[in-house]
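# Structure assessment
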Amino acid sequence: MVERDVLVAACEHKLNAGRFKDFTLNGLQVEGRGRIQRVLTGVTACQALLDEAVAWEADAVIVHHGYFWKNEPVAVTGMKQRRIKTLLTHDINLLAYHLPLDAHPELGNNAQLAKRMGWQFERCLDAELGDGLLWQGRTEAQPLTALSERIARELKRVPLVIEAPGVGEIERIAWCTGGAQDMIIPAYEGGAQVFISGEISERTTHLAREMGIHYIAAGHHATERYGVQALGEWLAAELGIEHRFVDIDNPA
Ligand SMILES: [Zn+2]
C-alpha cells in the first residue's frame, strides 16, 4: 500500500513526463482515494476497462490514452460523463501517460515493441513532438513477408502491408507505435527501407509506393499494449503493489 502521491511521483520521475509537449494532460487526471494497493493498466480508459477496474476493486487505473485531449469538447456529458462518474463513484484514481509512455527508452511502447520483435535499436530520429518517438534500427536481412508474418505472430493481429517497388530484402527499419503514419517521411529520409506504425491513411499508400519505402500498419492498439503494461510491472516491483493488465480488444 502506498500513498497516491508516491505513485504519481514515481511515474512522473521514471517517465520524465514534464519534458513533452503533448495534446493531453500527463499524470493524475481524475483523483480518487489516497492510498493505493491495486493498479490496473490498459491501453485506453474506455468504459469496459473501468468496469474491469471496479470489479477488481482497483485503487488506480493507468492508461496510455486518457481523457482531456486538446480540441475535444470540454463539457462532461454523455460517454465522458459516464466514464468519469464511474471513477468518482468508486473513488478510483485515473493516471494517463501519452507521449512519455511512447518514448521511454526502457518501458515505452517503442522500446517494448522492439524487444518483442528482436529489432536492434540504433538511434532516435528527432520528431517535432520530442525525442524518442521515431526509432530507427536494424533487423536481420529478410523479405518483407517474413517481417510481416513475425509481426502477426507477436502481436496476434495480421498487419496491413504496403509493398513499395524495388526495395528488395530489408534490414534498415524505423518504427513509431500508434497513429504515426505520417512519420513515414522522416523514416524514409533517415534511410529506413520499411516503416512500421499502428494506423494507415489513404495517403500513406501513395507516400510508400512513390518514395520507395515499405509500410506496415500493425495496429494502433496492438502496438501500444506493451508500454503501459511494462510501467505497471515496474511499479509493482518498485512499490510492492499489485498490478494487473487488462486487454480490451480493439482491431484498429
Ligand atoms: Zn496512441
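I will try to describe carefully the structure that is included in this document. Here the residue numbers are simple positions, counted from 1 along each chain's written sequence. Side-chain atom pairs in this predicted model are given and counted only at pLDDT of 80 or more, local residue features only at pLDDT of at least 70, and totals for whole chains, interfaces and linings cover all residues. Side-chain measures were taken over the full set of non-hydrogen atoms in the model, leaving aside hydrogen atoms and water.

### Side note on the coordination of the zinc ion
For Na, K and Ca the donor cut-off is 3.2 Å; for every other metal, N, O and S atoms count as donors within 2.8 Å. Water does not enter the count, which can leave sites looking incomplete. Of the protein atoms, only His-65 (NE2), His-220 (NE2) and Glu-224 (OE) coordinate the zinc ion, at distances of 2.1 to 2.2 Å. If you list the donors of the zinc ion from N- to C-terminus, the spacing comes out as H-x154-H-x3-E. On the criterion of sequence distance, the pair formed by His-65 in strand 5 (residues 60-65) and His-220 in helix 9 (residues 220-223) is long-range, its members being 155 residues apart. Buried residues are those whose accessible area, probed at 1.4 Å on protein chains only, stays under 20% of the maximum for their type, while exposed residues exceed 50% and partly exposed ones sit between those limits. Judged by relative accessible area, which is 13%, His-65 ranks as buried. A relative accessible area of 18% means that His-220 is categorised as buried. Per the convention used, a helix needs a DSSP run of H or I reaching at least four residues, while a strand needs a run of E reaching at least two, with both numbered from the N terminus.

### Quick look at the packing of helix 5 (residues 109-117) against helix 6 (residues 144-155)
At a minimum axis distance of 10 Å, the contact between helix 5 and helix 6 shows a crossing angle of 110°. Between helix 5 and helix 6, the angle is such that the two are roughly perpendicular. The residues of helix 6 that touch helix 5, namely those facing Leu-113, Arg-116 and Met-117, are Leu-147, Arg-150, Ile-151, Glu-154 and Leu-155. Taken together, the residues of the contact of helix 5 with helix 6 break down into 5 nonpolar, no polar and 3 charged. Convention adopted: a line fitted to C-alpha atoms gives each axis, helices being fitted over their contacting stretch, and angles between N-to-C directions are expressed from 0 to 180 degrees. Roughly parallel refers to an angle under 35 degrees, roughly antiparallel to one over 145, roughly perpendicular to one between 65 and 115, and oblique to any angle outside these ranges. Any two residues whose heavy atoms approach within 4.5 Å at even a single point are treated as in contact. Ten residues, namely Ala, Val, Leu, Ile, Met, Phe, Trp, Tyr, Cys and Pro, are considered nonpolar, four, namely Asp, Glu, Lys and Arg, are considered charged, and the remaining ones, Gly among them, are considered polar.

### Quick look at the environment of Glu-199
Relative to the helices and strands, Glu-199 is located in the loop between strand 11 (194-197) and helix 8 (202-211). Counting along the chain gives 18 residues from Glu-199 to Gln-181, while the straight-line C-alpha distance between them is 6.1 Å. Among all residues touching Glu-199, those that are not within four sequence positions of it are Gly-178, Gly-179, Gln-181, Tyr-215, Ala-217 and His-220.

### Observations regarding the pattern of salt bridges
The salt bridge criterion pairs a side-chain nitrogen of Lys or Arg with a carboxyl oxygen of Asp or Glu, the two atoms within 4 Å. Applying the stated criterion across every chain yields a total of 13 salt bridges. One salt bridge in this structure joins Arg-35 and Glu-3, with 2.5 Å as the shortest N-O distance. Here Glu-3 lies in strand 1 (residues 2-3) and Arg-35 lies in strand 3 (residues 35-36), a separation of 32 residues in the sequence. Residue class for Glu-3 comes out partly exposed when judged on its relative accessible area of 38%. Measuring nitrogen to oxygen at the nearest pair gives 3.1 Å for the salt bridge that ties Glu-106 to Lys-14. Taken together, the residues Glu-106 in the loop between helix 4 (99-103) and helix 5 and Lys-14 in helix 1 (residues 4-15) connect sequence positions 92 residues apart. A relative accessible area of 42% places Glu-106 in the partly exposed class. Owing to a relative accessible area of 21%, Lys-14 belongs among the partly exposed residues under this scheme. Salt bridges sharing partners connect three or more residues here, namely Arg-4, Asp-5 and Glu-31.

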